[in-house]
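Structural features, examined
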Amino acid sequence: MKAVRFDHYGDADVLNVVDVAAPVAGEGQVVVRVEATGINPGEAAIRSGALHERWPATFPSGEGSDLAGVVTEVGSGVDGVSVGDEVIGYTDERASHAELVAVDAEHLTPRPGAVPWEVAGSLYVVGATAYATVRAVGLREGDVVVVSGAAGGVGTLVVQLARNAGATVVGLASEDHHAWLREHGALPVTYGDGVAERIREAAGGQVDAFIDLFGSGYVELAIELGVAPERIDTIADPTATERHPGVKLEGNMAGASPETLAELAALIAEGRLEVPVARVYPLAEVREAYTELERRHTLGKIVLRP
């Protein structure tokens, strides 16, 4: 089968699509024929070596966590999953950027027919992360929350989940993405010099919570705006708690579960949540897909179709 591999750290050019042995379902596992799989900034950071101290790669390394597809094999000890089932899930083995992947059955949930493959296959990382960040800051009806990186893969879901919770959302994004934010009930604000004053003006002076998806000083901005540290969550500034005790670092791992996936998939099927898909690439163009991702200006998700 075809799968993405890299054998040393570097930019997107180190990625190759190669022939590897097809996986076999171990105990508690199934094999899924991958219909779609998302790509994410964290995977690019691992590939570059930026996260070597925290999540070192063992070479040759595979890639990918998100997946949606069709079960082709069921291992021993698996109940409730059958060959032919259409599923959404995730793997912790950096292996979903491939035609086939062996997955723990407990990491899967059924794919509702109303959820397109491209959406289903890119849901896990951004969905679980968005779910966790909104929960972390304890949004309530009438709250005002600022979201940095509001038009990115995670941000677009944070905006919608926060609105569903009854909050007013101030979304920081480039002007190219302001129309999308307005269409989804957010108040768009351009980032850059003078952003604090623009936020105060948009929010009417009230800011109750801050979700930082970008880093680069946004936790300090939240403090400047008067947000209590315990109502600030960042997924992009891992040392923020050292500078500001009480700030939260809750992200994907805090939201990762098939139950979360099922809840999000149901919202999508009901039309209450949208996962914008910016572009779909064939697996063979994985380098091009990551090159686009790493420009950090894409609205929504970039997806691979093996």
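Treat the numbers as computed from the prediction; the structure is a model and nothing was measured.

So, about the overall build of the protein. Along its length, the protein carries 11 helices and 14 strands. Scaling as 2.2 N^0.38, a compact globule of 306 residues should have a C-alpha radius of gyration of about 19 Å, and the protein matches this with 19 Å. Over its C-alpha atoms, taken along the principal directions, the protein stretches across nearly 60 × 40 × 35 Å. As presented, the protein carries roughly 12900 Å² of accessible surface, and 49% of it is formed by carbon and sulfur atoms. Where the 23 positive side-chain charges of the protein centre and where its 45 negative ones centre are 3 Å apart.

Within the largest apolar cluster, 45 residues are counted, with the highest numbers of intra-cluster contacts made by Leu-123, Leu-139, Val-145 and Val-158. Sequence-distant contacts of Leu-139, that is, excluding residues within four places in its chain, are made with Val-134, Val-145, Ala-162, Ala-165, Ala-167, Ala-209 and Arg-231. In this structure, Val-146, Tyr-218, Ile-232 and Val-247 belong to the second largest nonpolar core, which totals 20 residues.

Before going further, it helps to examine the sheet that holds strand 8 (residues 144-148). Sheet strands associate in pairs through backbone hydrogen bonding, adopting either a parallel or an antiparallel arrangement. With parallel pairing, 5 strands are arranged side by side in an open sheet as 10-9-8-11-12. Only two strands of the sheet have a single partner each, and these edge strands are strand 10 (187-189) and strand 12 (232-234). Sheet twist, expressed as the mean angle between neighbouring strand axes with direction ignored, is 15°. When strand 9 (residues 168-172) meets strand 10, the two strands line up parallel, connected through 3 bridges. Bridging from a neighbouring strand, Leu-172 pairs with Val-189 of strand 10.

The complete set of buried residues in helix 6 (residues 195-203) reads Val-195, Ala-196, Ile-199 and Ala-203. Looking straight down helix 6, one finds that the buried residues subtend no more than 100° of arc, so they occupy a single side. Tucked into the core, helix 6 has its buried residues touching strand 8, strand 9, strand 10 and helix 7 (218-224). Positive backbone phi, approximately 65°, marks Gly-204, located one or two places after helix 6.

Conventions we followed
Residues numbered from 1 in each chain as written. Predicted model: local features only at pLDDT ≥ 70, side-chain atom pairs only at ≥ 80, totals over all residues. Heavy atoms only, no water. Helix = DSSP H or I, 4+ residues; strand = E, 2+ residues; numbered from the N terminus. Rg over C-alpha atoms; globule rule 2.2 N^0.38 Å. Areas by Shrake-Rupley, 256 points an atom, 1.4 Å probe, with all protein chains shown as cover. Lys, Arg positive; Asp, Glu negative; His and termini not counted. Charge placed at Lys NZ, Arg CZ, Asp CG, Glu CD. Core = buried A, V, L, I, M, F, W, Y, C linked by side-chain atoms within 4.5 Å. Buried < 20%, exposed > 50% of the residue type's maximum accessible area, 1.4 Å probe, protein only. Contact = heavy atoms within 4.5 Å. Pairing = 2+ DSSP bridges. Axes fitted to C-alpha atoms, helices over the stretch in contact; angles between N-to-C directions. Arc of directions from axis to C-beta.

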